[in-house]
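# Examining the three-dimensional arrangement
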Amino acid sequence: EETTRRRAVVRVVVGAGGAMASVMFGRAVGGRGVRGVARRMASTQMTIRDALNSALDEEMARDERVFVMGEEVAQYQGAYKVTKGLFQKYGEKRIFDTPITEMGFAGIATGAAYKGLRPVCEFMTFNFAMQAIDQIVNSAAKQAYMTNGDMNVPVVFRGPNGAAAGVAAQHSQCFAAWFSQVPGLKVITPWNAEDCRGLLKSAIRDPNPVVFLENELLYGQAFPVSEEAQSPDFLLPIGKAHVERAGTDVSLISFTKMVGYCMEAADKLAAQGISAEVLNLRTLRPLDRDAIIATAKKTHRVVAVEEGWPQCGIASEICAILMESEAFDYLDAPVERVTGADIPMPYATALEKAALPQVEDILAATARTIDRTMYGTGTARVSTAQRAPSESLESLGPRPTAAKQPTAPPLAAAAAALSRSPPGRGATPRYESPPLSRGRPAIDSRECSARHCAPASLPSLFCTEECPVRRLRLALTDNTSRRIVVAGGTHNQASCAHQSLARA
């Protein structure tokens, strides 16, 4: 009680104009100490930095086992000021600085979690976490499994991940896909202030090791915060995605900073008459498969966005989920991916921007998926140069003398206004079938939407009117399988083209 020089730290949240003010002042009281009191007022805006700070503060006050460690987190109050004021409030036993040795202090945090404490280990950037990868992947992630569940590891590894600005290849990369592959870890990727508050508090209380991936460029950005989210008891469930914006025409699926880009793209798409749904994944492990499938079944078109590298990325996993689940039968077009370039991050500003996904890239991908179809009653305009030699029309028979052009899809004009050919991909074939909903039409000899099929020329290739291909039907027997059903009948014409129909 004899702390006459103790500082009281009061965080005042000012709602007017969305401004945030952190006010620190010292008060000397003879004979009695004054503890810091957090006073919260009604607020509509909170920065990511303050959201993380308040979550740490509340969890440290709630549970004495929680402590924070890392480089410059205490006296310097954090490289990004996420831990501002916590050292003055909780002292050097609850928040302390470490040497510049990630492998060492990540091991200390993991060992402390073995003994029942709840450490929050901050990496100045997850680029430096590569020094501690053995501690995270082997010592922390696998301990519960290797002890048959007898020893949990309630540790949180948090810090900025992904591209920064002007720091080149070794300090500007996304490791989300790396960590999401590791059994035993939980991987969280918050976007806005409510995500940060609710998910960080849930991560600290979780009995498993959690990798909490923030974004350096978002720390100073303010987001709306509801009254519910300001409560010390506010939690968000780990493993549940959130629909940030409802839509009906296309789904934009992403996480962390790219969710903001998707929201901006959705605004521009709305001006073109396209309703885009934005799904914020929030958690990459466990990944909310149900939410991904549900939004695909709702809009029938999907664009997956991440700033990481394309190979084996989160967008690739989204594609696999949609291909392997019942959602495949609901897709009206192939899934589009928007990712970072498959190169180390350049230093030059112009090249750095070119290497990262931009809103324009999301718009272009949306235009491509809206302008394409996997099923339908129209024909596809594919040039001879775009066909493989074995798939040319000449290999199937004579060209038709005339073909009626189908009606353009309702969203074609909007897609054309937004479309552009991405570097290195060339022009995308344009499909003129109207966008379909849940139902799939029967396919006969006059109408087929297979990408390289020559539907108008099929009648001239059939051997007789009784050829079973004349009565070809695409039957959807359930939500997960398709069967080609051919009506009865026989034929003996060796020149009949129905044998090559599947290839075409």
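In this report, we go over the structure that sits alongside the text. Every value quoted in this text rests on a predicted model; they were computed, and no experiment measured them. (Residues numbered from 1 in each chain as written. Predicted model: local features only at pLDDT ≥ 70, side-chain atom pairs only at ≥ 80, totals over all residues. Heavy atoms only, no water.)

## A short note on the nonpolar core
Ranked by internal contacts, the top residues of the largest apolar core, which has 54 residues, are Leu52, Leu56, Val156, Leu200, Phe212 and Leu252. Element by element, the count of residues in this core is highest for helix α8 (residues 257–271), at seven residues. For leucine 200, the residues in contact, after removing those within four places along its chain, are Leu52, Ala55, Leu56, Val156, Arg158, Asp195 and Phe212. Counting residues in each nonpolar core, the second largest holds 51 residues, with Val153, Cys174, Val187 and Leu331 among its members. (Core = buried A, V, L, I, M, F, W, Y, C linked by side-chain atoms within 4.5 Å. Buried < 20%, exposed > 50% of the residue type's maximum accessible area, 1.4 Å probe, protein only. Helix = DSSP H or I, 4+ residues; strand = E, 2+ residues; numbered from the N terminus. Contact = heavy atoms within 4.5 Å.)

## Notes on the sheet that holds strand β5 (residues 95–97)
Read across the sheet, seven strands follow the order β5-β4-β6-β7-β9-β8-β14 without closing on themselves; strand pairing throughout is mixed. Strands with a single pairing partner mark the edges of an open sheet, and in this sheet they are β5 and β14 (283–285). Across the sheet, the mean angle separating the axes of adjacent strands is 20 degrees when strand polarity is ignored. With three bridges connecting them, strand β8 (residues 186–188) and strand β9 (residues 210–214) associate as parallel partners. Residue pairing in the sheet places valine 187 in a bridge with valine 211 of β9. Those strands touched by helix α1 (residues 48–62) are β4 (66–70), β6 (118–122), β7 (156–160) and β9, and its axis lies near 135 degrees from that of β4. Packed onto the sheet, helix α3 (residues 102–114) meets β4, β6 and β7 and runs at close to 165 degrees relative to β6. (Pairing = 2+ DSSP bridges. Axes fitted to C-alpha atoms, helices over the stretch in contact; angles between N-to-C directions.)

## A few points about empty space enclosed by the protein
For the structure shown, the criterion picks out four cavities of 30 Å³ or more. One number sums up the size of the largest cavity: a volume of about 110 Å³. As for the largest cavity, its lining consists of 14 residues, of which Ser172, Gln173, Glu307, Trp309 and Met345 are closest to the centre. Residues that form the lining of the largest cavity fall into these classes: nine nonpolar, four polar and one charged. (1 Å grid on protein atoms, 1.4 Å probe; cavity = no way out; pocket = protein on both sides within 12 Å on 5 of 7 lines; lining within 4 Å. Points joined across faces, edges and corners; volume = space filled by probe spheres on them. Nonpolar A, V, L, I, M, F, W, Y, C, P; charged D, E, K, R; others polar.)

## Overview of the packing of aromatic side chains
According to the stated counting rule, one finds eight aromatic pairs in the structure shown. Geometrically, the ring pair formed by phenylalanine 126 and phenylalanine 179 is edge-to-face, given 5.7 Å between the ring centres and 75 degrees between the ring planes. Linking phenylalanine 126 in the loop between β6 and α4 (133–140) with phenylalanine 179 in helix α6 (residues 176–180), this pair joins segments that are 53 residues apart in sequence. A relative accessible area of 1% means that phenylalanine 179 is categorised as buried. Judged by centre distance (5.0 Å) and plane angle (70 degrees), the rings of phenylalanine 175 and tryptophan 178 are edge-to-face. Judged by its relative accessible area of 2%, phenylalanine 175 is buried. Above the face of the tyrosine 76 ring, lysine 81 is positioned so that its terminal group lies 3.9 Å from the ring centre. (Phe/Tyr/Trp six-rings, centres within 6.5 Å; stacked < 30°, edge-to-face > 60°. Lys NZ or Arg CZ within 6 Å of the ring centre and 35° of its normal.)

## A word on the packing of α8 against helix α12 (residues 359–370)
Running from amino to carboxyl end, α8 crosses α12 at an angle of 55 degrees, the nearest separation of the two axes being 9 Å. Relative to α12, the element α8 lies oblique. Here α8 runs over α12; the crossing is right-handed. Of the residues in α12, those in contact with Tyr261, Cys262, Glu264, Ala265, Lys268 and Leu269 of α8 are Val359, Glu360, Ile362, Leu363 and Thr366. Per-class residue counts for the contact of α8 with α12 are seven nonpolar, one polar and three charged. (Parallel < 35°, antiparallel > 145°, perpendicular 65-115°, else oblique. Left-handed = near helix turned anticlockwise from the far one by under 90°.)

## Section: unusual backbone geometry
In this structure, the amide linkage connecting arginine 285 to the following residue, proline 286, adopts the cis form with an omega of 0 degrees. With respect to the element layout, proline 286 can be found in the loop between β14 and α9 (289–299). One non-glycine residue with positive phi stands out, namely asparagine 148, at about 55 degrees. Secondary-structure assignment places asparagine 148 in the loop between α5 (143–146) and β7. With phi around 45 degrees, threonine 256 is a residue other than glycine that occupies positive phi space. Threonine 256 gets classed as buried once you look at its relative accessible area, which sits at 8%.

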